[in-house]
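In case you want the letters, here they are:
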Amino acid sequence: MYGSVREHRRNGFYILLGLIGVTVAVTGFSTTYFFPMAEGSFRAPLTVHLHGIAAFGWIVLFLLQPALIRLNAFPIHKLAGIAAIPIAGAVLIGGAGTGVFAVNRDLANGLGDFAYASIVGTVAGLLIFFGLVTAGILNRHRPEVHKRLMVLATIILLWPAWFRLRHIFPAIPNPEVTLALLAADSLILLAMVRDKLVEGRIHPVYLWIGPAIVAEQTLEVILFGSPGWIEAGKAIHSLLS
């Protein structure tokens, strides 16, 4: 997933991002997945578990890759990078099934048409994630582009975990903005600042794609639950069911 040996020896920024990712994922999903699974109270189809395993596996891989570079374990680093392709595919397929499961669950709980709202953002996030991963793989011989695309893909993947922190910190106001937008996208700003301080400039990948991600997620917050959004959710649910 990463190719610039010199840069990773110089600083541990990507390891730091990986540690943040693992921490947010474990904490965010602790109350809605990990604890209920340990207690035997979580019931969901196989696709939900596939998505959970694949998504967490991706974040662990994101942390592992720069660590392997710093340990000079280059053959293992390259071998582990091959796993990115099937893991990303499993995230996409399992995530689509998870979106359908969430709609069906919410319909059964009496939410009515509002139950369809969540699947729009779920599918949008999955497609953006998979698109960034695909672009990253195609640019694997351009390490400065490759690693930044993988950073942005991982930031997208972490969005649901950030939003689930609302269950642990219920006093935080407007979690759809403070957690799912400001906190989640703060990592993009952090990556930009790192580029400016270390490289002397912000890489075009961050300059062009970073703001586009923020704009898309802001639009989701604005449109969520609107009539058009609900209709889009119904169409997506019908297509995937």
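Okay, so let's go over this structure. (Residues numbered from 1 in each chain as written. Predicted model: local features only at pLDDT ≥ 70, side-chain atom pairs only at ≥ 80, totals over all residues. Heavy atoms only, no water.)

### Quick look at the environment of Leu46
Argument step 1. Its place among the elements puts Leu46 in helix α4 (residues 46–70).
Argument step 2. Taking relative accessible area as the criterion, Leu46 reaches 70% and is therefore assigned exposed.
Argument step 3. With 21 residues separating them along the chain, Leu46 and Ala67 place their C-alpha atoms 31 Å apart. (Helix = DSSP H or I, 4+ residues; strand = E, 2+ residues; numbered from the N terminus. Buried < 20%, exposed > 50% of the residue type's maximum accessible area, 1.4 Å probe, protein only.)

### Side note on the pattern of salt bridges
Side-chain pairs of opposite charge can arise whenever the charged atoms involved come near each other.
Argument step 1. Per the stated rule, a full pass over the model turns up 8 salt bridges.
Argument step 2. Ionic pairing is found between Lys234 and Asp113, a salt bridge with its closest N-O pair at 3.1 Å. Placement of the pair is Lys234 in helix α12 (residues 227–240) and Asp113 in the loop between α6 (84–108) and α7 (117–138), with a sequence separation of 121 residues.
Argument step 3. Assessed through its relative accessible area of 43%, Asp113 is described here as partly exposed.
Argument step 4. As a salt-bridge pair, Asp195 and Arg148 come within 2.8 Å of each other at their nearest N and O atoms. Of the two residues, Asp195 is situated in helix α10 (residues 175–199) and Arg148 in helix α8 (residues 143–157); the sequence distance between them amounts to 47 residues.
Argument step 5. Relative accessible area serves as the criterion here: at 0%, Asp195 is assigned to the buried category.
Argument step 6. Among the residues examined, Arg148 registers a relative accessible area of 1% and is labelled buried. (Salt bridge = Lys/Arg side-chain N within 4 Å of Asp/Glu carboxyl O.)

### Considerations on the packing of aromatic side chains
Argument step 1. On inspection of all chains with the given rule, the structure shows 8 aromatic pairs.
Argument step 2. Aromatic pair Tyr33 and Phe34: ring centres 5.6 Å apart, planes at 80°, arrangement edge-to-face.
Argument step 3. The exposure class assigned to Tyr33 is buried, which follows from its relative accessible area of 15%.
Argument step 4. Among the residues examined, Phe34 registers a relative accessible area of 33% and is labelled partly exposed. (Phe/Tyr/Trp six-rings, centres within 6.5 Å; stacked < 30°, edge-to-face > 60°.)

### Describing a nonpolar patch on the surface
Argument step 1. Residues Leu189, Val193, Leu197 and Val198 make up a contiguous nonpolar surface patch of roughly 380 Å² in combined accessible area.
Argument step 2. Tracing the backbone through its elements, the reader meets Val193 in helix α10.
Argument step 3. For Val193, a relative accessible area of 40% puts it in the partly exposed group. (Patch = residues over 30% accessible without salt bridge, like charges linked within 9 Å, V, L, I, M, F, W, Y side chains within 5 Å. Areas by Shrake-Rupley, 256 points an atom, 1.4 Å probe, with all protein chains shown as cover.)

### Details of α8
Because the α-helix completes a turn every 3.6 residues, residues three or four places apart line up on one side.
Argument step 1. Here α8 is 15 residues long and its end C-alpha atoms lie 21 Å apart, about the 21 Å a rise of 1.5 Å per residue gives.
Argument step 2. Buried residues dominate α8, accounting for 13 of its 15 residues. (Expected span 1.5 Å × (residues − 1).)

### Some details on helix α5 (residues 74–82)
Argument step 1. Within α5, the full set of buried residues consists of His77, Ala80 and Gly81. Seen along its axis, α5 keeps its buried residues to an arc of 105°; they face one direction. Exposed side chains of α5 directed beyond 90 degrees from the buried face belong to Pro75, Lys78, Leu79 and Ile82.
Argument step 2. Buried residues along α5 sit in contact with α4 and α6. (Arc of directions from axis to C-beta. Contact = heavy atoms within 4.5 Å.)

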